[in-house]
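# Report on the structure
Okay, here's what each chain looks like letter by letter:
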Amino acid sequence: MATWSAPGKVFLFGEHAVLYEKPGIALAIRPRVYVTVRKTSHPHHAKSPYIDQCFREFGVKGSVYINSQLPSSSGLGSSAAVTVATLAAINDEFDMGRSKEQIAELAWKIEKKVQKGRASATDTTVSTYGGMFLIKEGTRKRLAPQNYHLVIGNSQISHSTSRMVEKVAELRSKHPAIINPVLDSIEAIVMDAMKHLDEPAYLGKLMDMNNCLLEMLGVGHPQLSRLVLAARSTGAFGAKITGAGGGGCMVALAPKNIRARIAGAIEVFDGRAIITCIDTEGLRKERDA
Ligand code: PMV
């Protein structure tokens, strides 16, 4: 039996734009997914195309038990965390000898396969290595981890990442002269953010701008707007949709002493709040029970 865990992620800047050759900044966050894999003669596991694909890639069969602190389909990278941790647990249980690098690559390949081609390497990279990264078209640059205080608001409105990705693609092909400059502006935000990573108040303003641009891409939702405004009006440095949008989560960057107040405001507006910070460990082996 082998148990491995992997963290979730938030996009600080650049979701959607990363699918158009633009850079994005994402970081691993504390809630994790724990996956136990066991060699058995009667394999069974919860229905998941990601898990099926992990076993197919290794050509083995086994039982899987998942314990997740991450809400699924909410934009916090739970499918990537499940994939990365499942691959690592199979690798360990069946002595397949794959490196962390190979697991990250394989996890990205599986995400692309299950999501029919359109998935950036962001989720799988961040979940495997932990910390913070600048991602651009399959390349990654590790950034110095910052002590950001984050409050996530889950709108509890389910969304489909592939549907939102399609929606942006449609909007862009219909209005290229409008949407291409929006993607360029998101890139400019990421480049500016890179020069101010240790200034949360400055980054907050950039998050607010990035949120407006995500709204222009058509991935906003009234409930996400309520949570974003609730976070800003209680003193966050800035707040924005994180992930695919259309539902799912928003993230606020906050001064440490008012995180609880922001979380309370999010709950008042029917969101589920998670107070969190950066995870620097990434993929981790858990002690066998
Ligand atoms: O909602 P999530 O966590 O799957 O994030 C999607 C982010 C996109 O940029 C829209 C897609 C991607 O693969 O990066």
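Structure's up top.
Residues numbered from 1 in each chain as written. Predicted model: local features only at pLDDT ≥ 70, side-chain atom pairs only at ≥ 80, totals over all residues. Heavy atoms only, no water.

## A few points about the overall build of the protein
Test applied: In this text, helices come from DSSP runs of H or I with a minimum length of four residues, and strands from runs of E with a minimum of two, each type numbered from the N-terminal end. Our radius of gyration is a C-alpha quantity, and the globule rule it is checked against amounts to 2.2 Å times the number of residues to the power 0.38. A simple rule labels every residue: compare its accessible area, found with a 1.4 Å probe on the protein chains alone, to the largest value its type can have, and call it buried under 20%, exposed over 50%, or partly exposed in between. We call two residues contacting when some pair of their heavy atoms lies within 4.5 Å. All accessibility values rest on the Shrake-Rupley procedure with a 1.4 Å probe; residue burial counts only the protein chains present in the view.
Assigned secondary structure in the protein consists of nine helices and 10 strands. Its C-alpha atoms give the protein a radius of gyration of 18 Å, within 12% of the compact-globule value 19 Å for 289 residues. Principal axes of the C-alpha set define a box for the protein whose edges measure 55 × 45 × 35 Å. Every one of the 289 residues in the protein was classed for burial, and the buried ones make up 56%. The long-range share in the protein, meaning contacts at least 24 apart out of those at least 6 apart in sequence, stands at 74%. Summed over its atoms, the accessible surface of the protein is roughly 12,400 Å², and 52% of this surface lies on carbon and sulfur atoms.

## Quick look at the environment of Tyr129
Counted only if it meets this: Between N or O atoms, a polar contact is any pair within 3.5 Å; within protein, one atom must be a potential hydrogen donor and the other a potential acceptor, and residues adjacent in sequence are included only when both atoms are from side chains.
Along the chain, the position of Tyr129 falls in helix α4 (residues 122-129). Between the C-alpha atom of Tyr129 and that of Lys100, which follows or precedes it by 29 residues, the distance is 8.3 Å. Not counting residues up to four positions away in its chain, the partners in contact with Tyr129 are Lys100, Glu101, Ala104, Arg140, Arg142, Thr280, Glu281 and Gly282. Here Glu101 takes part through its side chain, which lies 2.9 Å from a polar atom of the side chain of Tyr129.

## A short note on the layout of surface pockets
Once rolled over the atoms, a probe with the size of a water molecule shows which space is left empty. The cut-off we apply is this: Here a cavity means grid points, on a 1 Å grid over the protein atoms only, where a 1.4 Å probe fits yet cannot get out; a pocket means an open set of points with protein on both sides within 12 Å along at least five of seven lines; lining residues are those with an atom within 4 Å of a point. Grid points are joined across faces, edges and corners, and a volume is the space filled by probe spheres set on the points. Residue polarity follows a fixed list, in which Ala, Val, Leu, Ile, Met, Phe, Trp, Tyr, Cys and Pro are nonpolar, Asp, Glu, Lys and Arg are charged, and the others, Gly among them, are polar.
For the largest pocket, the calculated volume is near 830 Å³. For the lining of the largest pocket, the elements supplying multiple residues, two or more each, are β1 (2-13), β3 (63-68), α2 (78-93), α3 (100-114), α4 and α5 (161-174). A class-by-class count of the residues in the lining of the largest pocket yields 14 nonpolar, 18 polar and seven charged. If you add up the space inside the second largest pocket, you get close to 160 Å³. Lining the second largest pocket are 13 residues, and of these Val18, Leu19, Trp108, Ala119 and Ser120 sit closest to its centre. The set of elements that each furnish at least two residues to the lining of the second largest pocket consists of α3 and β4 (132-136). Grouping the amino acids of the lining of the second largest pocket by side-chain chemistry returns six nonpolar, three polar and four charged.

## Section: the site of the ligand
Cut-off, in case you're wondering: Here, proximity means that at least one heavy atom of the residue falls within 4 Å of the molecule or strand. Just a note on the criterion: a molecule sits in a pocket or cavity if more than half of its atoms are within 2 Å of the grid points.
Taken together, 15 residues lie around the ligand, and Lys9, His16, Ser120, Thr161 and Ala244 are the ones closest in. A distance of 2.5 Å separates an oxygen atom of the ligand from a polar atom in the side chain of Ser120. A molecule is said to occupy a pocket when more than half its atoms come within 2 Å of that pocket's grid points, and by this definition the ligand occupies the largest pocket. Considering only residue class, the shell around the ligand consists of six nonpolar, six polar and three charged.

## Description of the sheet that holds strand β9 (residues 272-276)
Stated precisely, the cut-off is as follows: Any two strands are treated as partners once DSSP identifies two or more bridges connecting them. Angles here are taken between N-to-C directions and fall from 0 to 180 degrees, while the axes themselves are lines fitted to C-alpha atoms, restricted in helices to the stretch in contact.
The four strands lie next to each other as β7-β8-β6-β9, forming an open sheet whose pairing is antiparallel. The sheet is open, and its two edges are formed by β7 (238-242) and β9, each paired on a single side. Across the sheet, the mean angle from the axis of one strand to that of its neighbour is 20 degrees, orientation sign disregarded. Inspection of the sheet shows strand β6 (residues 150-154) paired to strand β8 (residues 249-253) by five bridges, in the antiparallel sense. Pairing of Leu150 across the sheet is with Leu253, part of β8. The strands touched by helix α7 (residues 200-216) are β7 and β8; relative to β7, the strand with the most contacts, the crossing angle is about 45 degrees.

## Observations regarding the nonpolar core
Where we set the bar: Residues grouped as a nonpolar core are buried Ala, Val, Leu, Ile, Met, Phe, Trp, Tyr and Cys residues, joined through side-chain atoms within 4.5 Å.
If you look at the biggest cluster of nonpolar residues, it comprises 80 residues, and the most contacted ones within it are Phe13, Ile25, Leu27, Met132, Tyr148 and Met250. Considering each element in turn, this core owes the most residues, eight residues, to α2. When residues no more than four places from it in sequence are discounted, the contact partners of Met250 are Val151, Ile152, Gly153, Leu224, Leu227, Val228, Ala231, Ala239, Lys240, Ile241, Thr242 and Ile266.

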